[in-house]
Number of protein chains: 2
Amino acid sequence: MSPFSLDSIETPAALVDVDRMEANLQKAAAYTREHGLRWRPHTKTHKVPELAARQLEAGATGVTVATPREAEVMGAVAEDVLLAYSPVGASKLKRLMALSRRVRLSVGLDSREVLAGLAEAAREAGRTVGVLVELDLGMRRVGVQTPEVAVALAREAASAQGLEYQGVMFYPGHIRMPMAEQGPALAEVSRRLGTFLEALGAAGLKPGIVSGGSTPTLWRSHEVAGMNEIRPGLTPFFDRASAWTGVCGWEEVAYSVLATVVSTSVAGQAVIDAGSKALAKEELPMGGYGALVDRPDVVVHALSEEHGMLDLSRTSWRPRVGDRVRVVPNHVCVSVNLQDELWAVRGGQVTGRWEVMGRGRGPV
Amino acid sequence: MSPFSLDSIETPAALVDVDRMEANLQKAAAYTREHGLRWRPHTKTHKVPELAARQLEAGATGVTVATPREAEVMGAVAEDVLLAYSPVGASKLKRLMALSRRVRLSVGLDSREVLAGLAEAAREAGRTVGVLVELDLGMRRVGVQTPEVAVALAREAASAQGLEYQGVMFYPGHIRMPMAEQGPALAEVSRRLGTFLEALGAAGLKPGIVSGGSTPTLWRSHEVAGMNEIRPGLTPFFDRASAWTGVCGWEEVAYSVLATVVSTSVAGQAVIDAGSKALAKEELPMGGYGALVDRPDVVVHALSEEHGMLDLSRTSWRPRVGDRVRVVPNHVCVSVNLQDELWAVRGGQVTGRWEVMGRGRGPV
């Protein structure tokens, strides 16, 4: 595709600064290499197979997905796919088993019910599916609660025909504070992980894979003793929450939503055509739903479905109807999920277009 | 399509109870008839042309849309389309002017810049576009602030070639409290509207259309003096917020998201496969992000992207992995916007499927 001016794109539109993205990928690759960590990035953030391919080229050992659709889309470019989600129901299992035989599928799960259903589906399909026993290390969302249950589930995975016990996984999603303050929480995760690893080892079920990691804790992943794989999702893009935690600088955020000012009728405010159906509505402790790439002091202080309200109280800048701005949303994953496509940009030029293929639910 | 069991549908899936929807439509139609109000429902809620057609059959005088895509999709079934949104930028204007000539398009706007751009596009296309001057009656989002500016803009619309001045519009989106408490806020809206209508009348610019209305204020619309049209969006479906304001009973909510329990590892909680990418994350004063159709005391107390956490602390019900539930989200419009399709259901049977055609941004 020949580059063309960003000015010709209809707003709202999702933009990816390709130079920033590339730098972010290289930084994550270098970090994981330095610390000997496997890197299986969660592709729910971008949902774009071309970007998963780019992550694999940069050194990722596989990809992580959350839904059958994402597995189908990413299975076209990745040979190693971890479904970090318990698949429940005949339809989901059938779709997973229909993935290309080239794909080594593994699944994170936390119950005997899910394990039994998966084993049966795998046997019927004549496949072998890897199993990671999901542990709860403090998030209190999913994951087995005690070493005893983990051992029992791992034992069942190890003996079930159709399954291969590969290790454990967890998601420290409860650690969302700024990076500098994460020490005690990470130490607690290490401690809890240790009790699980000890019990599994003692039972002869030492996990080969100990998969964890998150974007907020990304650069401190090496502090979690025993973890040998991370699955951060946001690394290619980052977002306002990432900048808030300090996992990236504001100038490193590669994703934004291009929007147009449509009204300046209310004093102290400019309204843009990117609302909750483009940016998504997620709260952050610092307030607001996004901020401008070039003017981080200008915050989206309120959102309707198709209107974003820019607070002009901390700036002397006075935009006019028709002006265009780039907004960094609080949470990039849910904003991407609202887009049909992402536009690759370099400076003021559009250099490519990616369909958000993993969006939606139906089969590819 | 032959009816089939709901059990065979993969979750998460968006369901519409067709009997409840039909009752809701009839109730809205009866109310608007009784009070002599034009009814131009906002179709951003469902984004489905077949449902817009159903609203028109039930007595709607036209439809309201927010985006060029919605205008294109709804223009296929409606002859009267109000874009309740200022169109800014060449691409949007071009798409609007390319709508079928059968469509009578009108646009709400609040600035000379938007008016000038629209007039130019209309002249070039050889069309006449209706104009409603958008007023701010207390929401402080968009809309002209003073009667003087409204008169000036109406005068410009009345004299501009390509445009036809039709009246005024406003959206009382700031009135979100329970119905019984809305009296003073509605009186203030009436009072402010009166000052605008008086000035416009005195200037010989008496509006033919005075378009307002919202879902929370739906059944009190007749209390707003001078308003002769309403544009509620949620009437076919409603949601948890609607039930909270009292605009509908819990048993009248016609939209829900079917989900499957995927984990019960954490005590006092069941996790379902509908998260913020199916329900959308919007706060309500009552807390939580949704509640079960059949057990409104069971609330979705936390959301991840693909996980919804059901709080079991106020119920003795203990679901098991694989059980299915129906969740009413806080805000139906943003949940629908996350779906590929809506399933029409009656009892436990699926009787139809509607594609959410108005979703997304690109041309149809």
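Residues numbered from 1 in each chain as written. Chains lettered and ligands numbered in written order. Predicted model: local features only at pLDDT ≥ 70, side-chain atom pairs only at ≥ 80, totals over all residues. Heavy atoms only, no water.

> An account of the overall build of chain A is requested, with residue identities and associated values reported.
Looking only at helices and strands, one finds 9 helices and 18 strands in chain A. In terms of C-alpha radius of gyration, chain A reaches 22 Å, essentially the compact-globule figure of 21 Å for 364 residues. The principal-axis extents of the C-alpha atoms in chain A amount to approximately 65 × 45 × 35 Å. Per-residue burial for chain A yields a buried fraction of 63% across its 364 residues. When the accessible surface of chain A is summed, it comes to about 12,800 Å², and 50% of that surface belongs to carbon and sulfur atoms. (Helix = DSSP H or I, 4+ residues; strand = E, 2+ residues; numbered from the N terminus. Rg over C-alpha atoms; globule rule 2.2 N^0.38 Å. Buried < 20%, exposed > 50% of the residue type's maximum accessible area, 1.4 Å probe, protein only. Areas by Shrake-Rupley, 256 points an atom, 1.4 Å probe, with all protein chains shown as cover.)

> Go over the packing of aromatic side chains, please, and point to the residues and values.
Summed over all chains, the structure comprises 6 aromatic pairs over all chains. Consider the rings of A:Phe4 and A:Trp343, whose centres lie 6.2 Å apart with planes at 85 degrees: the pair is edge-to-face. Of the two residues, A:Phe4 is situated in strand E1 (residues 4-5) and A:Trp343 in strand E17 (residues 341-346); the sequence distance between them amounts to 339 residues. With centroids separated by 5.4 Å and ring planes inclined at 80 degrees, the aromatic side chains of B:Tyr31 and B:Trp219 adopt a geometry described as edge-to-face. Separated by 188 residues along the polypeptide, B:Tyr31 in helix H1 (residues 18-34) and B:Trp219 in the loop between strand E9 (209-212) and strand E10 (229-230) bring together distant segments of the chain. Taken individually, B:Tyr31 and B:Trp219 each receive the classification buried, so the pair is uniform in this respect. (Phe/Tyr/Trp six-rings, centres within 6.5 Å; stacked < 30°, edge-to-face > 60°.)

> Before we move on, could you go through the domain arrangement of chain A and cite the residues and values that matter?
Residue and element names in this part refer to chain A. Each assigned domain of chain A is listed here: domain 1 (18-235) and domain 2 (242-355). Put simply, the middle of domain 1 and the middle of domain 2, counted by C-alpha atoms, are 31 Å apart. Counting residues at the interface gives 22 residues for domain 1, matched by 22 residues for domain 2. A buried area of about 1,800 Å², summed over both sides, lies between domain 1 and domain 2, and 58% of it is on carbon and sulfur atoms. If you look at where domain 1 meets domain 2, you find 2 salt bridges. Run the count over domain 1 and domain 2 and you get 8 residue pairs in polar contact (both at pLDDT 80 or more). For the side of domain 1 that touches domain 2, the secondary structure elements donating two or more residues are helix H1 (18-34) and helix H2 (49-57). Examining the composition of the side of domain 1 that touches domain 2, we find that 6 residues originate from one element, H1, more than from any other. Its residues assigned to classes, the side of domain 1 that touches domain 2 shows 11 nonpolar, 4 polar and 7 charged. (Domains from an automatic or database assignment. Contact = heavy atoms within 4.5 Å. Buried area = accessible area lost by both parts, 1.4 Å probe. Salt bridge = Lys/Arg side-chain N within 4 Å of Asp/Glu carboxyl O. Polar contact = N/O pair within 3.5 Å; in protein donor to acceptor, adjacent residues only side chain to side chain. Nonpolar A, V, L, I, M, F, W, Y, C, P; charged D, E, K, R; others polar.)

> Requested: an account of the sheet that holds strand E7 (residues 129-134) of chain B, with residues and values cited.
Residues and elements named next belong to chain B. With respect to topology, 8 strands assemble into an open sheet ordered E3-E10-E9-E8-E7-E6-E5-E4, the strand pairing being parallel. Because the sheet does not close on itself, it has two edges, and the strands there are strand E3 (38-39) and strand E4 (63-65). Pairing analysis gives 2 bridges linking E9 to E10, with the strands arranged parallel. Residue pairing for E10: Ser-211 is matched across the bridge by Glu-229. Contacts from helix H3 (residues 68-75) reach E4 and strand E5 (80-83) within the one sheet, and its direction differs from that of E4 by about 155 degrees. Running over the sheet, helix H5 (residues 112-125) touches strand E6 (104-109), E7 and strand E8 (163-169) and is turned about 160 degrees from E6. (Pairing = 2+ DSSP bridges. Axes fitted to C-alpha atoms, helices over the stretch in contact; angles between N-to-C directions.)

> Before we move on, can you summarise the environment of B:Gln26 with the specific residues and values?
Residues and elements named next belong to chain B. Following the sequence through the fold, Gln-26 ends up in helix H1. In this structure Gln-26 comes out as partly exposed when scored by relative accessible area, which is 34%. With 247 residues separating them along the chain, Gln-26 and Asp-273 place their C-alpha atoms 34 Å apart. Among the polar contacts listed, one links the side chain of Gln-26 to the side chain of Glu-22, at a separation of 3.0 Å.

> Lay out the pattern of salt bridges with the relevant residues and their values.
For the structure on display, the rule yields 44 salt bridges over all chains. Across the salt bridge formed by B:Glu229 and B:Arg38, the nearest N and O atoms sit 2.8 Å from each other. Taken together, the residues B:Glu229 in strand E10 and B:Arg38 in strand E3 connect sequence positions 191 residues apart. With a relative accessible area of 29%, B:Arg38 lands in the partly exposed category. Here the residues in one salt-bridge network are A:Arg38, A:Arg40, A:Asp80, A:Arg104 and A:Glu229, joined through shared partners.

> Could you give an account of empty space enclosed by the protein, naming the residues involved and the relevant values?
Space left empty within the atom packing is revealed by a probe, the size of a water molecule, rolled over the atoms. Scanning the entire structure with this criterion turns up 11 cavities of 30 Å³ or more. Looking at the largest cavity, its volume works out to about 150 Å³. Forming the walls of the largest cavity are 16 residues, and the residues nearest its centre are A:Ala280, A:Lys281, B:Ser276, B:Ala280 and B:Lys281. Among the residues forming the lining of the largest cavity, the class breakdown is 6 nonpolar, 4 polar and 6 charged. By volume, the second largest cavity amounts to about 130 Å³. If you go around the second largest cavity, you meet 17 residues; those closest to its centre are B:Ala66, B:Thr67, B:Pro68, B:Lys92 and B:Arg361. Among the elements of the structure, H3 and helix H4 (90-97) of chain B are those that each provide at least two residues to the lining of the second largest cavity. Among the elements that take part in the lining of the second largest cavity, H4(B) stands out by supplying 3 residues, more than any other. (1 Å grid on protein atoms, 1.4 Å probe; cavity = no way out; pocket = protein on both sides within 12 Å on 5 of 7 lines; lining within 4 Å. Points joined across faces, edges and corners; volume = space filled by probe spheres on them.)

> Explain unusual backbone geometry to me, using residue names and the numbers behind them.
Following A:Thr11, the chain continues into A:Pro12 via a peptide bond in cis, with omega recorded as -5 degrees. Checked against the element boundaries, A:Pro12 lands in the loop between E1 and strand E2 (13-17). Of note, B:Lys47 is a non-glycine position whose phi angle comes to about 60 degrees, a positive value. Inspection of the secondary structure assignment puts B:Lys47 in the loop between E3 and helix H2 (49-57).

> Give a description of the interface of chain A and chain B that names residues and reports values.
If you look at the interface, chain A gives 61 residues, while chain B gives 61 residues. Carbon and sulfur atoms supply 49% of the area buried between chain A and chain B, which totals about 4,800 Å² over both sides. On inspection of chain A and its partner chain B, the count reaches 10 salt bridges. Between B:Glu305 and A:Lys44 there is a salt bridge; the shortest N-O distance is 2.8 Å. Linking chain A with chain B are 34 residue pairs in polar contact (both at pLDDT 80 or more), by the criterion used here. When residues of the side of chain A that touches chain B are traced back to their parent elements, those giving at least two are helix H3 (68-75), helix H4 (90-97), helix H5 (112-125), strand E11 (255-263), strand E12 (269-272) and helix H9 (332-336) of chain A. Counting residues per element, the side of chain A that touches chain B draws most heavily on E11(A), at 4 residues.

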